[in-house]
Amino acid sequence: MLPVAKKPVVQYVVEEMEANGINQILLVTGRNKTSIENHFDFDHELTRTLRETGKEDLLPELEYERMRMQFFFTRQRKQKGLGDAVLCAQKFTKSEPFTVALGDSIIGLHGRSRLVEHMCHVFEEEKPSCIIAVQEVTPDKVSSYGIVKPASDGDVFTISDMVEKPDRKDAPSNLAVSARYIFSPEIYGAINHTYAGKGGEIQLTDAIRILIREGRKVMGVKLPAGDIRYDIGNFGAYYRAFIEFAMDDPEYGEDVKAFIREKAGENSKEARLRENRALR
Ligand code: G1P
């Protein structure tokens, strides 16, 4: 429920899924996360209060409650890793292919990305076992992500191997797994054969490696230019995302920019003063 500018991150992700043609979503949550379920319900009381207190201008902020998405919830009872979290969806997705969207990443400014729709088209055409969204990262970031080894060039390619959070020297490329996947149900069997890996967790990356080793087709799709991936999973990236989204707010954006300019000006003035004092 961490907000980026006006909305909780999970809301961006759900809205992104809806905009990409998905109409049923299973949220795999855990302890103390019931606020997520409540968030997507109609809040008649809040609507009434806004009307009664003359705050009708805020009603559009509740538009998301009207989205046509059908919600399902389940809980991962023990934090056993991403692979295990995906396994929680098996009874829900049954024999159908499905998308996995990690709740700690927003794709595109305000989540306005059509990446998943594009991945679905590739999935229908190529019929792979799995498609993974990837983005290029700088060498200092490879140890924070799953890194794929492409077997071909281009924006859509086959993956011949991947490693979860490798050391910089062992990274097979600079293409990082970027929080959106499409799977055929074959992934469940692979997860069931996956032992605890990095961090003692059942890693989705290790399960995908099993698919590759079994000779199944695993593909990568690069994030289109302009589709930035906002990783909310670390403070630095979270702060940057918050500032960028706030700067782009139609109502408050200009004020936020002026404030940042003012603060940056103050800081550089202070830095100059310090420098001058040090020189004296
Ligand atoms: C997970 C995956 C990793 C991926 C990352 C972002 O890591 O295990 O391969 O790169 O999400 O999509 P986590 O952020 O859960 O540590």
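Counting restarts for each chain: residues are numbered from 1 in the order of the written sequence. For a predicted model such as this one, the threshold for reporting local features is a pLDDT of at least 70, and the threshold for listing and counting side-chain atom pairs is 80 or more; totals across whole chains, interfaces and linings nevertheless cover every residue. Note that the side-chain values use all heavy atoms of the structure and ignore hydrogens as well as water.

Trainee: Sorry, what's going on with the packing of aromatic side chains here?
Mentor: Each aromatic ring pair is summarised here by two numbers: the centre-to-centre distance and the angle between the ring planes. The rule is short: rings of Phe, Tyr and Trp, with Trp giving its six-membered ring, pair when the centres are within 6.5 Å, and they are stacked under 30 degrees, edge-to-face over 60, tilted in between. By the definition in use, this model includes 11 aromatic pairs. Aromatic side chains Tyr 230 and Phe 245 sit 4.9 Å apart centroid to centroid with 90 degrees between the ring planes, which places their arrangement in the edge-to-face category. Here Phe 245 lies in helix α9 (residues 235-247) and Tyr 230 lies in strand β12 (residues 229-231), a separation of 15 residues in the sequence. For the pair shown, Tyr 230 and Phe 245 are each scored as buried. Arranged with centres 6.2 Å apart and planes meeting at 85 degrees, the rings of Tyr 238 and Phe 242 form a pair that is edge-to-face. With Tyr 238 and Phe 242 both in helix α9, this residue pair falls 4 residues apart, about one helical turn. A connected cluster of aromatic rings, assembled from ring pairs, spans Phe 98, Tyr 181, Phe 183 and Tyr 188. Secondary structure is summarised from DSSP: a helix means a run of H or I of at least four residues, a strand means a run of E of at least two, and numbering begins at the N terminus for each. Burial classes follow relative accessibility: with a 1.4 Å probe on protein chains only, a residue under 20% of its type's maximum area counts as buried, one over 50% as exposed, and anything between as partly exposed.

Trainee: Mind showing me how you'd approach the state of the cysteines here?
Mentor: Simply put, the disulfide is a covalent bond whose two ends are the sulfur atoms of two cysteines. Here, two cysteine sulfur atoms that lie within 2.5 Å of each other are counted as a disulfide. Inspection of every chain in the model, using the stated rule, returns 0 disulfides. Cys 88 takes part in no disulfide bond, and the closest cysteine sulfur to it belongs to Cys 130, at a distance of 18 Å. Sulfur of Cys 120: no disulfide; nearest cysteine sulfur belongs to Cys 130 and is 13 Å away.

Trainee: When you look at the nonpolar core in this model, what are you seeing that I'm missing?
Mentor: Generally speaking, a soluble globular protein has its nonpolar side chains buried in company with each other. Take the buried Ala, Val, Leu, Ile, Met, Phe, Trp, Tyr and Cys residues and link them wherever side-chain atoms come within 4.5 Å; each set so joined is a nonpolar core. Residues Ile 132, Tyr 181, Phe 183, Ile 187 and Ile 208 are the most contacted members of the largest nonpolar core, which totals 30 residues. Counting only elements with at least two residues in this core, the list comes to β5 (98-101), β7 (130-136), β9 (156-164), β10 (175-183), α7 (186-192) and α8 (204-213). Counting residues per element, this core draws most heavily on α8, which supplies 6 residues. Ile 208 has contacts with Cys 130, Ile 132, Met 162, Tyr 181, Phe 183, Ile 187 and Val 218, leaving out every residue within four places of it along the chain. One finds Val 10, Met 17, Leu 62 and Met 69 within the second-largest nonpolar core, a separate group that totals 15 residues. Any two residues having at least one pair of non-hydrogen atoms within 4.5 Å are treated as being in contact.

Trainee: Just to check I follow, could you spell out the layout of surface pockets for this structure?
Mentor: Cavity and pocket criteria rest on a 1 Å grid covering protein atoms alone: a 1.4 Å probe that fits but cannot get out defines a cavity, protein on both sides within 12 Å along at least 5 of 7 lines defines an open pocket, and an atom within 4 Å of a point defines a lining residue. Grid points are joined across faces, edges and corners, and a volume is the space filled by probe spheres set on the points. The space that makes up the second largest pocket amounts to roughly 440 Å³. The wall of the second largest pocket is formed by 21 residues, among which Lys 6, Leu 58, Glu 61, Leu 62 and Tyr 64 lie closest to the centre. Those elements that place two or more of their residues in the lining of the second largest pocket are β2 (7-8), α1 (9-19) and α2 (34-39).

Trainee: Please clarify how the pairing of β9 should be interpreted in this entry.
Mentor: Put simply, side chains in a regular strand alternate between the two faces of the sheet. Strands are labelled as partners when DSSP assigns at least two bridges between them. With 5 bridges connecting them, strand β8 (residues 146-150) and β9 associate as antiparallel partners. Looking across to β9, one finds that Pro 150 is bridged to Ile 159. Counting the residues in the hairpin turn of β8 and β9 gives 5 residues, including Gly 154, whose phi is positive at 100 degrees. Examined bridge by bridge, β9 and strand β11 (residues 218-222) share 3 bridges and lie antiparallel to one another. For Phe 157, the partnering residue across the bridge sits in β11 and is Gly 220.

Trainee: Just checking my understanding: could you explain the site of the ligand for this structure?
Mentor: Throughout this document, a residue counts as near a molecule or strand when at least one of its heavy atoms sits within 4 Å of that molecule or strand. Residues in contact with the ligand amount to 14 residues; listed here are only the nearest, Gly 146, Glu 164, Lys 165, Val 177 and Ala 179. One of the side-chain nitrogen or oxygen atoms of Glu 164 is found 2.7 Å away from an oxygen atom of the ligand. We define a polar contact as two N or O atoms separated by no more than 3.5 Å, with the added condition that, inside protein, one atom must be a possible hydrogen donor and the other a possible acceptor, whereas residues neighbouring each other in sequence contribute only through side-chain atom pairs. In the environment of the ligand, an oxygen atom lies 2.9 Å from a nitrogen or oxygen atom belonging to the backbone of Ala 179. Isolated, the ligand exposes 380 Å² of accessible area, and the fraction of that covered by the protein chains is 80%. Gly falls in the polar group here, along with every residue not listed as nonpolar (Ala, Val, Leu, Ile, Met, Phe, Trp, Tyr, Cys, Pro) or charged (Asp, Glu, Lys, Arg). A breakdown of the residues in the shell around the ligand according to their chemical character gives 6 nonpolar, 4 polar and 4 charged. Using the Shrake-Rupley algorithm and a 1.4 Å probe, accessible areas are obtained, with residue cover drawn only from the displayed protein chains.

Trainee: How should the packing of α9 against helix α10 (residues 253-279) be read in this particular structure?
Mentor: Working note: a packed helix pair is described by the angle between its axes plus the distance between those axes. At a minimum axis separation of 7 Å, α9 and α10 run at an interaxial angle of 125 degrees. With respect to their mutual orientation, α9 and α10 come out oblique. Across the interface between the two elements, Ile 243, Ala 246 and Met 247 from α9 touch Gly 253, Val 256, Lys 257 and Ile 260 from α10. Residues belonging to the contact of α9 with α10 are distributed by class as follows: 5 nonpolar, 1 polar and 1 charged. Only the stretch in contact is used when fitting a helix axis, every axis being a line fitted to C-alpha atoms; angles between N-to-C directions are given from 0 to 180 degrees. Roughly parallel means an angle under 35 degrees; roughly antiparallel means over 145; roughly perpendicular covers 65 to 115; every other angle is labelled oblique.

Read these as spatial facts, not as claims about activity.
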